[in-house]
Amino acid sequence: MIEAVIKAFGHILTLKVLLMILAGLFGGLISGALPGLTATMAVALLVPFTFSMDPTEGLIVLGAIYMACIYGGAFSAILVNTPGTPSSIGTTFDGYPMAKKGEGERAILVATYASVYGGIVGVIFLLFLSPPLANVALRFGPPEYFWMAVFGITIISSLASKNVLKGFLGGAIGLLISTIGIAPIGGDVRFTAGFPQLQGGIELIVALIGFFCIPEVLTMITERDKTFHIAETKHEKGILVRTFMEVMKRQGNLLRSSIIGTIVGILPGAGGSVANLVAYNEAVRVSKTPEKFGTGVIDGIIATESSNNAVVGGGIIPLVTLGIPGAPPDAILYGVLLIHGLRPGPELFSMHSDIIFTFIMSLFVATIFMLPVGVISGRLLHRTVVRIPIRFLAPAIFFLTIIGSYSIRNNVTDVFIMLTLGVLGYVLKRLEFHPGPITLGLILGPIGEMGFVQALLMGQMLPNKWMIFFNRPLSWVLIVLSVVSLCWPLLIRQFAKGWKIKEM
Amino acid sequence: MKADRAASVVFLLASVVFWTQTYGLQYNGFVFPRAVIVLIILLSAGLFVQSMGRKGDEQKAFLPANIPYVLVSIAIVALWIYFLNILGFIVSGVIFLSILTVIIDLGKPNLTAVLKVVAVHTALVVAFWVTFHLILLVPLPEGYLI
């Protein structure tokens with residue numbers, strides 16, 4: 001393998017390939033930073049540009065776009081409280097409060113360092129642990145997917161620490177919205193109120209833009225007399241090195257979140273949107289000061305950004321070993337491999353090892369390059385955005401929301417749905433409902449429903465069909481994790497009380 | 001807390017409406033949504049009880065001070081979306097972006113300022129149109145104009 005890796009580096013370290021990686025990184029960063037343009041869309045949009053390239057070069061460019069797009073989502077999450085991609089939902093929780101405090105530049109640097117770290121860990125796993133990890137993923141059946149969704153929902157107890165009841169209610173609303181449209185099993189049309197346009201369901205990205213972006217712009221408008229700009233900037237000398245040291249001191253958070261990202265990436269259907277929230281939840285749970293999360297602490301950004309970039313490597317593991325795409329952008333890469341006559345699966349490593357190792361190592365190089373590219377463009381973007389007066393920024397964000405929600409399925413109905421959900425999101429925000437749990441429900445709804453119904457169908461062969469949820473070891477692992485996750489904030493409070501008594 | 005109480009009642013009523021919509025569906029189609037609806041009913045009831053128990057708690061005013069601006073902005077964006085496929089991406093974009101900027105601006109608009117706003121937004125919209133429509137070939141709304 002070492003020989004193959006060295007050979008792969010030989011392919012990559014040429015001026016042409018390095019320039020291609022840089023171009024891919026810039027393209028990915030811009031796509032990621034624009035709300036509505038997901039990594040899947042960016043990779044899909046730019047596939048035709050790779051037709052004239054040889055398979056290796058095409059994969060290198062698309063890999064760089066994918067990696068940078070996931071990272072670029074952090075920019076808009078930090079600067080305008082809108083996740084550029086669903087993988088950056090959790091970054092809004094602490095990134096935007098930091099930007100409002102004038103620490104946007106620091107937040108972007110934290111996101112950059114954490115993304116690079118997570119990306120590298122994901123690629124290392126991809127390189128060394130592909131086959132065994134892919135075999136674990138294959139053991140996940142419908143009951144496990146259902147329990148995984150339940151585990152994901154329990155994250156709300158950490159996300160909505162101010163009012164857990166409202167958090168879970170928001171999550172349930174998200175779950176219900178996710179059921180609008182055609183049922184995944186059976187094909188029933190549900191909750192469309194007679195509008196055929198709703199039969200395709202509510203597109204996740206449209207809902208994300210609505211719930212995160214519109215309430216924020218409307219809040220900007222209501223507070224336009226208080227603030228002329230989004231935030232005042234603090235220019236600090238030595239911020240680059242100081243922030244780097246701060247991030248690197250948090251090895252536990254970085255490594256844990258990167259491993260979470262890799263594992264979630266391996267599971268087909270989950271991806272960065274789930275990984276960043278699971279990693280955030282774990283960071284809150286492990287922290288000695290969980291109450292500070294959501295107020296603008298770097299640990300929150302480290303968790304979400306390292307995990308979502310680790311998903312890139314993780315998602316490619318089942319693609320190259322089993323021929324199963326781990327995340328939606330991997331499905332596009334699957335198609336690209338087929339276009340170039342390469343069949344994703346075990347034979348990729350045996351028959352086309354030169355191409356696959358070059359692709360893996362190019363992801364590594366792209367991740368390293370993301371550091372200078374991200375630092376330069378991220379700081380530049382930050383300095384530009386914070387200088388734009390609200391009278392220009394608010395309409396410009398409206399403009400981006402319209403482009404983003406239209407471009408998903410090329411119809412105006414989605415734009416109306418986005419606005420409607422945005423107004424609903426604004427009303428819920430005024431009622432102190434956080435958009436995080438609602439979108440978590442939206443993300444996990446389809447995974448949970450599919451697992452739930454398929455498991456019930458599987459359970460028909462048992463004397464009691466509901467036992468299907470409790471008779472598999474992996475299900476029990478997830479059940480225990482869910483119970484621990486649900487009860488953790490309560491346990492922490494109890495422990496804290498105990499400690500206070502001892503201190504007294 | 002009044003707002004919470006009202007919200008919990010709205011959620012309860014919405015749950016009932018959604019429940020009635022599940023009649024006529026097959027088992028595989030309604031089993032999951034009904035489970036979620038039951039969850040919403042329980043949580044809404046919990047929120048109602050919580051709001052009754054915390055009468056003294058302060059909650060920020062539901063309606064913000066500048067609510068007319070919010071409502072006007074929502075109405076303008078709704079009109080913008082309606083006219084997207086009639087006026088086209090560029091024309092509707094420039095018109096509605098400029099209107100929004102003038103409305104949100106705190107100062108009294110004069111002709112020079114309005115022309116500056118229109119120029120800025122024309123540049124923004126055209127830049128996006130060229131990048132997305134001409135270079136990346138992303139379909140954008142097309143009306144009778146451009």
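What this report covers is the structure whose coordinates are included nearby.

About the thresholds
- Residues numbered from 1 in each chain as written.
- Chains lettered and ligands numbered in written order.
- Predicted model: local features only at pLDDT ≥ 70, side-chain atom pairs only at ≥ 80, totals over all residues.
- Heavy atoms only, no water.
- Helix = DSSP H or I, 4+ residues; strand = E, 2+ residues; numbered from the N terminus.
- Buried < 20%, exposed > 50% of the residue type's maximum accessible area, 1.4 Å probe, protein only.
- Expected span 1.5 Å × (residues − 1).
- Polar contact = N/O pair within 3.5 Å; in protein donor to acceptor, adjacent residues only side chain to side chain.
- Contact = heavy atoms within 4.5 Å.
- Buried area = accessible area lost by both parts, 1.4 Å probe.
- Salt bridge = Lys/Arg side-chain N within 4 Å of Asp/Glu carboxyl O.

Quick look at unusual backbone geometry
Most of the time, phi is negative for any residue but glycine, and the peptide bond is trans.
All names here are of chain A.
Right, so step 1: With phi around 55°, A193 is a residue other than glycine that occupies positive phi space.
Right, so step 2: Relative to the helices and strands, A193 resides in the loop between β2 (189-190) and α11 (204-222).
Right, so step 3: Judged by its relative accessible area of 65%, A193 falls in the exposed class.
Right, so step 4: Notably, N410 is not glycine yet its phi reads approximately 55°, a positive angle.
Right, so step 5: For N410, the location among the structural elements is in the loop between α19 (390-409) and α20 (412-430).
Right, so step 6: Residue N410 is classed as partly exposed on the basis of its relative accessible area of 36%.

Thoughts on helix α10 (residues 164-178) of chain A
At 3.6 residues per turn, the α-helix brings residues three or four places apart onto the same side.
Residue and element names in this part refer to chain A.
Right, so step 1: Over its 15 residues, α10 extends 21 Å from the first C-alpha to the last, a length consistent with the 21 Å expected when each residue adds 1.5 Å.
Right, so step 2: In terms of burial, α10 is a largely internal element, 13 of the 15 residues being buried.
Right, so step 3: Among the residues of α10, the N-terminal cap falls to N163, whose side-chain oxygen and the backbone nitrogen of L165 are separated by 3.3 Å.

Some words on the interface of chain A and chain B
Right, so step 1: Listed as interface residues are 63 residues of chain A and, on the opposing side, 63 residues of chain B.
Right, so step 2: Area buried by chain A at its contact with chain B is led by R224, F399 and R430 of chain A, which between them contribute 13% of it.
Right, so step 3: The tally of links from chain A across to chain B stands at one salt bridge.
Right, so step 4: Across the salt bridge formed by D4 of chain B and K166 of chain A, the nearest N and O atoms sit 2.9 Å from each other.
Right, so step 5: One can count seven residue pairs in polar contact (both at pLDDT 80 or more) joining chain A with chain B.

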